[in-house]
Amino acid sequence: MNYDILLAFSMATFVLALSPGPDNIFVLIQSISNGKKYGLAVVAGLMTGCLVHTTLLAFGVSAIIKNNPSIFTFIKMFGAAYLIYLAVMVYKGGDVIAIGGETKNKKSLRSLYKQGFIMNVLNPKVTIFFLAFFPGFLFSDSLSNVVQFYTLGFLFIMVSSIVFGAIAVLSGQISSFLASNKRTGFILKWGQIVVFIGIAVYLFFG
C-alpha cells in the first residue's frame, strides 16, 4: 500500500470539503437556523449519500450512468425538480426562518437527514466527480479495485465529515448571536431558496 497516495487523497479531500460549495453552505444555513445537531443531521445525510456514490463507483454503475445520456439526464432533471420543490417549501414556510430555539414548524432531525441524503444521491455530478477523482488515487497493486474504492470512499467520508461537522458545530454556536439581528431570519430564508435554486440550475444546465 502506498500511504503517500492516501495522504495526498486526504489532503485533497480536505481542501475540497473546505471550499465554499452548495453542500457546506446548506449545512451552515441549517446549523444557524436550527442549531448544531440539525446541521449534523444534514452532514450525516450527505455522507450517507457519498457511500451510495462510492458503491456505484466500486461496482461500475458510475461508468454506465456517465456513458448513458438518457439515464444521466433523467437523474439530473429529477434532482433539479426535487431542489425546486424544496425551494418552494421554504418559500411557503413563512416570512422568515426562526433562529435556534423550538418552533412548531421546525424540521425533525430525521427529515433533515433524509433531505441531505436525497440531495446528494440525486446529484449525478457527484457520481461523475467520484468517477473522475478516485481512480487517480488507487494505492495498491495487490488489493482489488473494489476494496480500494471503498477505502478511498470511507476516507473521503471521514475527512468531509470532520470539516462539515466543524462547520455545523461552529455555526450552531453563533446562532444565538445572530438571533439578535431581526433581519437574519429573512436573510436565511432567502439564502436557502437561492442555494436550492442555484444547485437546481447548476444540475440542469451544467
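Just above sits the structure.
Novice: Which parts of the structure should I look at to understand the overall build of the protein?
Specialist: What the protein contains, in helices and strands, is 10 helices and zero strands. Ordering the α and β elements of the protein from the N terminus gives α-α-α-α-α-α-α-α-α-α. Put simply, 85% of the contacts in the protein that link residues at least 6 apart link residues at least 24 apart. When the accessible surface of the protein is totalled, it reaches about 10,800 Å², and 70% of it is carbon and sulfur.

Novice: What's the story with the packing of helix α2 (residues 22-34) against helix α6 (residues 109-121) in this structure? I'm lost.
Specialist: The packing of two helices is summarised by the inter-axis angle and the distance between the axes. Closest axis-to-axis distance for the α2/α6 pair is 12 Å, and the angle between their directions is 170°. Taken together, the axis directions place α2 and α6 in an arrangement best described as roughly antiparallel. Once α2 is placed against α6, the crossing between them reads as right-handed. Residue-level contacts link Asp 23, Phe 26, Gln 30 and Asn 34 of α2 to Leu 112, Gln 115, Met 119 and Asn 120 of α6. Residue classes in the contact of α2 with α6 are distributed as three nonpolar, four polar and one charged.

Novice: Looking at this structure, I do not really get the environment of Ser 161. What am I missing?
Specialist: Structurally, Ser 161 can be placed in helix α8 (residues 145-173). A C-alpha to C-alpha distance of 9.8 Å links Ser 161 and Phe 14, two positions 147 residues apart in sequence. Residues in contact with Ser 161, not counting those within four places in the same chain, are Val 43 and Met 47.

Novice: Explain the nonpolar core here, please?
Specialist: In summary, soluble globular proteins display a tendency toward joint burial of nonpolar side chains. Grouped together as the largest cluster of nonpolar side chains are 41 residues, with contacts concentrated most on Phe 9, Val 27, Phe 134, Phe 164 and Phe 196. Among the elements of the structure, α1 (3-18), α2, α3 (36-58), α5 (69-92), α6, α7 (124-133), α8 and α10 (184-205) are those that each provide at least two residues to this core. Setting aside its immediate chain neighbours within four residues, Phe 164 contacts Ala 17, Asp 23, Asn 24, Val 27, Val 43, Leu 46 and Met 47.

Novice: Looking at this structure, I do not really get α1. What am I missing?
Specialist: Counted at 1.5 Å a residue, the expected span for α1 with its 16 residues is 22 Å, and the 23 Å between its end C-alpha atoms agrees. Looking at α1, one finds that the buried residues are Leu 6, Phe 9, Ser 10, Thr 13 and Ala 17. The arc enclosing the buried residues of α1, seen along the axis, measures out at 100°, which places them on a common side. Of the exposed residues in α1, those oriented more than 90 degrees away from the buried face are Asp 4, Leu 7 and Met 11. Of the residues that open α1, the one with a side-chain oxygen 3.1 Å from the backbone nitrogen of Asp 4 is Asn 2.

Novice: Can you walk me through α2 in this structure?
Specialist: In an α-helix, one turn spans 3.6 residues; hence positions three or four apart end up facing the same way. A rise of 1.5 Å per residue sets the reference length of α2, with its 13 residues, at 18 Å; its end C-alpha atoms lie 18 Å apart and thus fit the reference within 8%. All of the buried residues along α2 are Asn 24, Phe 26, Val 27, Ile 29, Gln 30, Ser 31, Ile 32, Ser 33 and Asn 34. Just past α2, the residue Gly 35 takes up positive phi, approximately 120°.

Thresholds applied
- Residues numbered from 1 in each chain as written.
- Predicted model: local features only at pLDDT ≥ 70, side-chain atom pairs only at ≥ 80, totals over all residues.
- Heavy atoms only, no water.
- Helix = DSSP H or I, 4+ residues; strand = E, 2+ residues; numbered from the N terminus.
- Contact = heavy atoms within 4.5 Å.
- Areas by Shrake-Rupley, 256 points an atom, 1.4 Å probe, with all protein chains shown as cover.
- Axes fitted to C-alpha atoms, helices over the stretch in contact; angles between N-to-C directions.
- Parallel < 35°, antiparallel > 145°, perpendicular 65-115°, else oblique.
- Left-handed = near helix turned anticlockwise from the far one by under 90°.
- Nonpolar A, V, L, I, M, F, W, Y, C, P; charged D, E, K, R; others polar.
- Core = buried A, V, L, I, M, F, W, Y, C linked by side-chain atoms within 4.5 Å.
- Buried < 20%, exposed > 50% of the residue type's maximum accessible area, 1.4 Å probe, protein only.
- Expected span 1.5 Å × (residues − 1).
- Arc of directions from axis to C-beta.
- Polar contact = N/O pair within 3.5 Å; in protein donor to acceptor, adjacent residues only side chain to side chain.

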